[in-house]
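As a plain string of letters, each chain reads:
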Amino acid sequence: MSQMFHLIRHAQASFGAADYDNLSELGHRQSAALGAALKRQGVVPDAVFIGGQKRHRQTWEGIESALGTGLTPIVVPGWNEFDFAGLLEARFAGRADKPADLHTDRKTHFRILRDTVLEWQRDEIANPPESFAAFTSRVREARAIVAASGAKTPLAVSSGGAIGRTVADVLDAPAEQMILLQLQVKNCAVARIVMAKGQEWLNGFNETPHIDGCNEKEMLTYS
C-alpha cells in the first residue's frame, strides 16, 4: 500500500518576541485557512503527527478547526526544529563580532543562519545544542514512525529545518541542500511525499493552497 504523506510547516510564529514558540495572530488565521484549503482538495488524513513544540500543536489545531477529523495528534519529538538560537549562540561564543540584531532582524538572522548551518554540518561549531548527525538521525526516525503507522494519508506538522532535511533525504541531495530548502519553506507550506515498499518520492514541495493573488500580501510569510 502506498502512503501520501503531507508534511506541513507551522504557521507564522513570533519572531523577535521573548517566546518565538507561539503562533502570531496571523499564524492562527493561516493554519485555519490551510485546513479549509486541504478540505477543498479532499485531503482526509487518517493519522496526524506533530513535533513537541507549541507552534506545531497550535498549527494543527487551526488546521483541524476546518478539517474536523476528530483525530488526536501523536507527538513525535523527532519533528522538532533544531535549536537555531542556541546554535547561533554557540557559533559566536567568545567572539566580539556577534551582530547585535542577530535574533531580532530577519535579514541578519537568516543570512547568518545559512552559513551557521553549513558550519554545523561540517562539525566546525564547538558545543552545539545538538550535533547535525543527531538531528539527522531523529528526523529520519520521525519519518520512519510515519511510514510504520500504516496510515494511507498521514499528516505531520513540523518546522523548516526538519522539512528541509527530509526533502533533501528523499531527493538524495547533499546535506548542504538542507538549509537552501529550509530557507524557501513558507509558513503553512505543504510537502507531499509518496511512501511505498520502503521507498519515497517527492510529489510536491512548498505548496500553499490557502494562498492566492487576493490574499498573498497578507498570508505569505516565512518566519
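Predicted model, so just to flag it, every value in this text is computed and none were measured. (Residues numbered from 1 in each chain as written. Predicted model: local features only at pLDDT ≥ 70, side-chain atom pairs only at ≥ 80, totals over all residues. Heavy atoms only, no water.)

A. Region of interest: the pattern of salt bridges. Under the defined criterion, the tally for this structure stands at 14 salt bridges. The salt bridge partner of E89 is K98, with a shortest N-O separation of 2.7 Å. Across the salt bridge formed by D169 and R140, the nearest N and O atoms sit 2.7 Å from each other. Here D169, found in helix α6 (residues 160-170), pairs with R140, found in helix α5 (residues 132-148); they are 29 residues apart in sequence, far enough to count as distant. (Salt bridge = Lys/Arg side-chain N within 4 Å of Asp/Glu carboxyl O. Helix = DSSP H or I, 4+ residues; strand = E, 2+ residues; numbered from the N terminus.)

B. Inspection of the packing of aromatic side chains at higher detail. Applying the stated criterion across every chain yields a total of seven aromatic pairs. Between F82 and W120 the ring centres are 4.9 Å apart and the planes differ by 45°, which places this aromatic pair in the tilted class. Separated by 38 residues along the polypeptide, F82 in the loop between β3 (74-75) and α3 (84-91) and W120 in helix α4 (residues 106-121) bring together distant segments of the chain. Classification of W120 as buried rests on a relative accessible area of 4%. Ring centres 6.3 Å apart and planes at 40° place the aromatic pair F132 and F135 in the tilted group. With F132 and F135 both in helix α5 and three residues apart, the pair spans about one turn of that helix. (Phe/Tyr/Trp six-rings, centres within 6.5 Å; stacked < 30°, edge-to-face > 60°. Buried < 20%, exposed > 50% of the residue type's maximum accessible area, 1.4 Å probe, protein only.)

C. Structural view of the pairing of strand β4 (residues 154-158). For β4, the tally of buried residues reaches five of five residues, placing the bulk of the element in the interior. The alternating pattern of β4 places P154, A156 and S158 and L155 and V157 on opposite faces, both of which are buried. The sheet contact formed by strand β1 (residues 3-9) and β4 spans four bridges and is parallel. When the bridges of β4 are listed, L7 appears paired with A156. Looking at chain direction, strand β2 (residues 47-50) and β4 are connected through four bridges and run parallel. Pairing of I50 across the sheet is with V157, part of β4. (Pairing = 2+ DSSP bridges.)

D. Summary view of the side chain of Q121. The topology assignment puts Q121 in helix α4. With a relative accessible area of 17%, Q121 lands in the buried category. With sequence-adjacent residues up to four places away left out, Q121 is seen in contact with F132, A175, E176 and M178. (Contact = heavy atoms within 4.5 Å.)

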